[in-house]
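# Residue-level structural notes
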Amino acid sequence: MKNRLKKIFLDNIGLKLLAVLFAIGLWFVVMNVNDPTQTKTFTTNVEVINQDIILSQGKYYEIVSGDTVTFRVSAKRSILEQLSGSDFSATADMEYIQDNQYVPITITPLKFAENISIPTKTYSMEVNIGKAKSNQFTIVPKTSGKPADGYGVEEVTTNIKTVTVYGPEDVISSIASVEAILPVDGANRDVTDSVALTPVDSSGEQVDTSKLDFSRDKVEVTASICMVKNIPIRVDTSGNLSDGLTLASITTSPASILIKGESRDINRVTEVVIPGSVVNLSSITGDFETTVDINQYLPVNVKVLNADEAIVKIKVDVNNKTSKVFRIPTDNLTINNLAPGLKGEFDDKYVNVEIVALQEQLNKLNENTISGFVDASGLSKGTHSVAVVLSLDSEYQTKTTTTKLIVE
């Protein structure tokens, strides 16, 4: 039996070995036909490493291009089908930055490293390097929107008072303040929420934050909501303006104020009156301005909602009168109360009368149409000096004027 087995294996040994080699070769051919080597394109994000090398120099970097990288990978089809972009690590090492602008990108497979190949190619991330700066800012808590009718924002506070902002020097220098804005639309009770920080410039415009880093991204802001009422401001006056002046207007800024307090207290208030002792017309010689703290004229337990509106500006505008001499035809004057049987006529055809008023009022007068009269009560025959009275509205005053009247 043993010799028989030996004969089976050893007879035609060359042919048998050739058959084995052929079978192995055929297996490789079949495998390459069914699972060929292919090339596939992948894209992955690029991670910046060793950025402290730049930051430690008081500089910042801004990625211009190359935050993602697209590359080709060669491997068996069965392996490529198991790969995605997340199976590769792409890093841009700031330690090897070139010309202060280009950072080489290294691509490393995270699996099947021994079974894939990445064609040799130089990939780069382009960056801008600039001077960096950091500043500490006081956080300004604010609100947006309008509370429910009859309610207002009494106070706005934040749990964190300051924030440090880091970024390009020119951007940091443009920041005037950092605001934390809490929406209060329709609120009728206190509101608390975590809100993002908003840097603004001197014009109140929001500063682009894409290049900035904050020591904290959000802060907690609380708005205290209270009952309010809007009331007008009225100004009383005392004394009288001197001759030659007229009162044009009295205005306040603001014209009305929001007051706060308990419902029973604020509902009793319909207006706030600034007393006449504040504006004494007798002492005014021209346009006049003054300020008062309106809180002192409000009832107890009622205050102005916003403290910065408690100081009210009062503006008194006066107009200076001027005078002009008009040459009025005496034919325009009526002779009143002349005794029966007598007649009278003026010695002159014209009489000059000085009229005092605002310039714009004087400009409305036409001397040929101004009328008036003289009083001839008790006059007998002869030539008399009589006072001229013009028929003008109350905004006009006339200086005492006489003319000659001949009575016959």
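Scroll up for the structure.
Residue indices follow the written sequence of each chain, beginning from 1 at its first position. Selection of residues for local features in this predicted model requires a pLDDT of at least 70, selection of side-chain atom pairs for listing and counting requires 80 or more, and totals for whole chains, interfaces and linings are taken over all residues. Note: side-chain values were computed over all heavy atoms of the structure, leaving out hydrogens and water.

## Concerning the overall build of the chain
Rules: In DSSP terms, a helix is any run of H or I states spanning at least four residues, a strand is any run of E spanning at least two, and both are numbered starting from the N terminus. For a compact globule the rule gives 2.2 Å times the number of residues to the power 0.38, and the radius of gyration it is set against comes from C-alpha atoms. Each residue's exposure class comes from its accessible area (1.4 Å probe, protein chains only) as a fraction of the maximum for that residue type: buried when under 20%, exposed when over 50%, partly exposed otherwise. In this description, contact between two residues means that some pair of their heavy atoms is separated by no more than 4.5 Å. For every accessible area listed, the method is Shrake-Rupley and the probe measures 1.4 Å; residues are considered covered only by the protein chains on display. Two residue types count as positive, namely Lys and Arg, and two as negative, namely Asp and Glu; His and chain ends fall outside the count. One atom stands in for each charge, and that atom is NZ of Lys, CZ of Arg, CG of Asp or CD of Glu.
A tally of regular secondary structure across the chain gives seven helices and 28 strands. Relative to the 2.2 N^0.38 estimate, which gives 22 Å for 408 residues, the radius of gyration of the chain is 49 Å and therefore markedly larger than a compact globule would have. Across its three principal axes, the chain shows a C-alpha extent of roughly 185 × 55 × 40 Å. Relative to its full complement of 408 residues, the chain shows a buried share of 32%. Look at the contacts in the chain between residues 6 or more apart in sequence, and 73% of them connect residues 24 or more apart. Only carbon and sulfur atoms are counted for the fraction: they give 47% of the accessible area of the chain, which is about 24,600 Å². When the 38 positive and 50 negative side-chain charges of the chain are each reduced to one mean point, those points stand 11 Å apart.

## Describing the nonpolar core
Here is the rule: Residues belong to a common nonpolar core when they are buried Ala, Val, Leu, Ile, Met, Phe, Trp, Tyr or Cys residues joined through side-chain atoms within 4.5 Å.
Ranked by internal contacts, the top residues of the largest apolar core, which has 25 residues, are Ile257, Ile259, Ile274, Val279, Ile294 and Ile314. At four residues, the largest contribution of residues to this core is made by strand β19 (residues 311-320). When near neighbours in sequence (up to four residues on either side) are disregarded, Ile294 contacts Ile233, Ile257, Val272, Ile274, Val304, Ala310 and Val312.

## Focus: the layout of surface pockets
Keep this limit in mind: Cavities and pockets are defined on a 1 Å grid built over the protein atoms alone: a cavity is a set of grid points where a 1.4 Å probe fits but cannot escape, while a pocket is an open set with protein on both sides within 12 Å along at least five of seven lines, and lining residues are those with an atom within 4 Å of any such point. Grid points are joined across faces, edges and corners, and a volume is the space filled by probe spheres set on the points.
Its volume calculated, the largest pocket comes out at about 220 Å³. Lining of the largest pocket is provided by Leu55, Tyr60, Tyr61, Glu62, Ile63, Tyr166, Gly167, Pro168, Ser210, Lys211, Leu212 and Asp213. Within the residue set of the lining of the largest pocket, elements represented by two or more residues are β2 (59-65) and β9 (162-168). Here the element with the most residues in the lining of the largest pocket is β2; it accounts for four residues.

## Description of the packing of aromatic side chains
Applicable threshold: Stacked, tilted and edge-to-face pairs are distinguished by plane angle, under 30 degrees for stacked and over 60 for edge-to-face with tilted covering the rest, among Phe, Tyr and Trp rings (Trp via its six-membered ring) whose centres lie within 6.5 Å.
Inspection of the entire model under this criterion finds three aromatic pairs. An angle of 70° between the planes, with centres 5.1 Å apart, marks the rings of Phe71 and Phe88 as edge-to-face. In this pair, Phe71 sits in strand β3 (residues 68-76) while Phe88 sits in strand β4 (residues 88-93), placing the two residues 17 residues apart along the sequence. Accessibility classification places Phe71 together with Phe88 in one group, the buried group.

## Regarding the sheet that holds strand β27 (residues 397-398)
To be explicit about the condition: Strand pairing is assigned whenever DSSP identifies at least 2 bridges connecting the two strands.
The strand order β20-β23-β27 describes an open sheet built from three strands, whose pairing is antiparallel. Edge positions in the sheet fall to β20 (322-329) and β27, since each has one partner strand and no second. In this structure, β20 lies alongside strand β23 (residues 350-357), joined through eight bridges in antiparallel fashion. Note on β23: the bridge partner recorded for Val325 is Glu354.

## Digging into the pattern of salt bridges
Worth spelling out the cut-off: Within this document, salt bridges are pairs made up of a side-chain nitrogen of Lys or Arg and a carboxyl oxygen of Asp or Glu, the two lying within 4 Å of each other.
Scanning the model with the defined rule gives eight salt bridges in all. Taken together, the shared-partner salt bridges connect Arg234, Asp236 and Glu271 into one network.

## A few points about a negative patch on the surface
Where we set the bar: Think of a patch as exposed residues, more than 30% relative accessible area, with no salt bridge, where like charges cluster within 9 Å and nonpolar side chains (Val, Leu, Ile, Met, Phe, Trp, Tyr) cluster within 5 Å.
On the surface, Glu345, Asp347, Asp348 and Glu408 cluster together to form a negatively charged patch. Relative to the assigned elements, Asp348 resides in the loop between β22 (344-346) and β23.

## A short note on the side chain of Thr246
By the element assignment, Thr246 lies in strand β14 (residues 245-253). Each residue touching Thr246, except ones within four places of it in the same chain, is listed here: Leu241, Asp317, Val318, Asn319, Lys321 and Leu358.

## As for the sheet that holds strand β28 (residues 402-407)
For sheets, the rule is that strands pair by backbone hydrogen bonds, running either parallel or antiparallel. What counts, and what does not: Axis definition: a line fit to C-alpha positions, over the contact stretch in the case of helices; interaxial angles, taken between N-to-C directions, run 0 to 180 degrees.
Read from one edge of the open sheet, three strands run β22-β28-β25, paired in antiparallel fashion. Two strands lie at the open edges of the sheet, namely β22 and β25 (382-387), each paired on one side alone. Pairs of neighbouring strands in the sheet enclose a mean axial angle of 35°, with direction left out of account. Across three bridges, β22 lies against β28 in antiparallel orientation. When the bridges of β28 are listed, Glu345 appears paired with Ile406.

## Digging into the environment of Ile406
Summarising the element assignment, Ile406 is placed in strand β28. Through-space distance from the C-alpha of Ile406 to that of Gly66 is 110 Å; in sequence the pair is 340 residues apart. Apart from the residues lying within four places of it in its own chain, the contact partners of Ile406 are Lys343, Gly344, Glu345, Asp347, Gly382 and Thr383.

## Describing the side chain of Thr330
Relative to the helices and strands, Thr330 is located in the loop between β20 and β21 (333-336). For Thr330, a relative accessible area of 4% translates into the label buried. With sequence-adjacent residues up to four places away left out, Thr330 is seen in contact with Phe346, Asp348, Lys349, Tyr350 and Val351.

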